[in-house]
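# A structural walkthrough
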Amino acid sequence: MICLAYLSSSTLPIDAATLSDILAKSQRNNTANNVTGLLCHHDGSFLQFLEGGAEDVEATFQRICADPRHRGLIEVYRQPVTERAFGAWSMGVARLDKMDEAERAFCTSLRTVELSATAAHRDALEPFLQTFRAWLR
Ligand SMILES: Cc1cc2nc3c(=O)[nH]c(=O)nc-3n(C[C@H](O)[C@H](O)[C@H](O)COP(=O)(O)O)c2cc1C
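Residues numbered from 1 in each chain as written. Predicted model: local features only at pLDDT ≥ 70, side-chain atom pairs only at ≥ 80, totals over all residues. Heavy atoms only, no water.

Let's shift gears to the nonpolar core. Counting 15 residues, the largest nonpolar core has Leu-4, Leu-19, Leu-39, Phe-46 and Leu-50 as its most contacted members. Where this core is concerned, the elements lending two or more residues are strand 1 (2–10), helix 1 (16–33), strand 3 (45–52) and helix 2 (54–65). Discounting chain neighbours no more than four positions away, the residues touching Phe-46 are Tyr-6, Leu-7, Ser-8, Ser-10, Ile-14, Leu-19, Ile-22, Leu-39, Cys-40, His-41, Arg-69 and His-70. Membership of the second largest hydrophobic core comes to 13 residues, among which are Ala-5, Cys-40, Val-76 and Tyr-77. (Core = buried A, V, L, I, M, F, W, Y, C linked by side-chain atoms within 4.5 Å. Buried < 20%, exposed > 50% of the residue type's maximum accessible area, 1.4 Å probe, protein only. Helix = DSSP H or I, 4+ residues; strand = E, 2+ residues; numbered from the N terminus. Contact = heavy atoms within 4.5 Å.)

The structure is reproduced here in structure tokens:
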């Protein structure tokens, strides 16, 4: 299995109806493909984690990349994993307006993370992933 995360910017204001359409499709497709994850949306930015079989995650990610509702996708994390961090969610959603300040600060800080496809960058991302896991348990 792999876990992949990316950041992107929404191309239009994402209202509740658009978000629920994205989630409904995600939950249907991801259940069928045994993909789980978390989608976080805040202030025009998306952060999404996808995990599952490498081919399933890749195929899902390719569809997501082609979606005109967002742009500027940056893959920030891709690691082999032996267990799922988000196993209970075909696609969970993190509503930043429902989070406390520390959690919100954590999510917004992700936008300023220095990004590069190096091992050092993956190491830097690992604590963020741990934090997500800890809240979602
Ligand atoms: C931010 C964002 C996250 C998405 N996440 C998923 C996802 O986890 N799984 C998925 O199948 N589609 C996801 N989508 C939707 C896909 O881009 C695409 O519209 C959908 O997979 C097409 O499904 P369909 O061919 O069954 O209509 C996402 C779209 C956006 C904009």
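Before going further, it helps to examine the side chain of Glu-51. Checked against the element boundaries, Glu-51 lands in strand 3. Lacking a salt bridge, the buried Glu-51 has Arg-84 as its closest oppositely charged neighbour, with an N-O distance of 4.8 Å. When residues no more than four places from it in sequence are discounted, the contact partners of Glu-51 are Ile-2, Cys-3, Asn-34, Val-35, Thr-36, Val-57, Arg-84, Ala-85, Phe-86 and Gly-87. (Lys, Arg positive; Asp, Glu negative; His and termini not counted. Salt bridge = Lys/Arg side-chain N within 4 Å of Asp/Glu carboxyl O.)

Here a ring pair, both rings aromatic, is described through the centre-centre distance and the interplanar angle of the planes. On inspection of all chains with the given rule, the structure shows 2 aromatic pairs. Seen from their ring centres, Tyr-6 and Phe-61 are 5.5 Å apart, and the 40° between their planes marks the pair as tilted. Note that Tyr-6 is positioned in strand 1 and Phe-61 in helix 2, a separation of 55 residues in sequence. Relative accessible area serves as the criterion here: at 2%, Tyr-6 is assigned to the buried category. Taken together, a centroid distance of 5.3 Å and an interplanar angle of 40° make the contact between Phe-49 and Phe-86 tilted. Here Phe-49, found in strand 3, pairs with Phe-86, found in the loop between strand 4 (70–80) and strand 5 (92–95); they are 37 residues apart in sequence, far enough to count as distant. As far as burial versus exposure is concerned, Phe-49 and Phe-86 are alike and both buried. (Phe/Tyr/Trp six-rings, centres within 6.5 Å; stacked < 30°, edge-to-face > 60°.)

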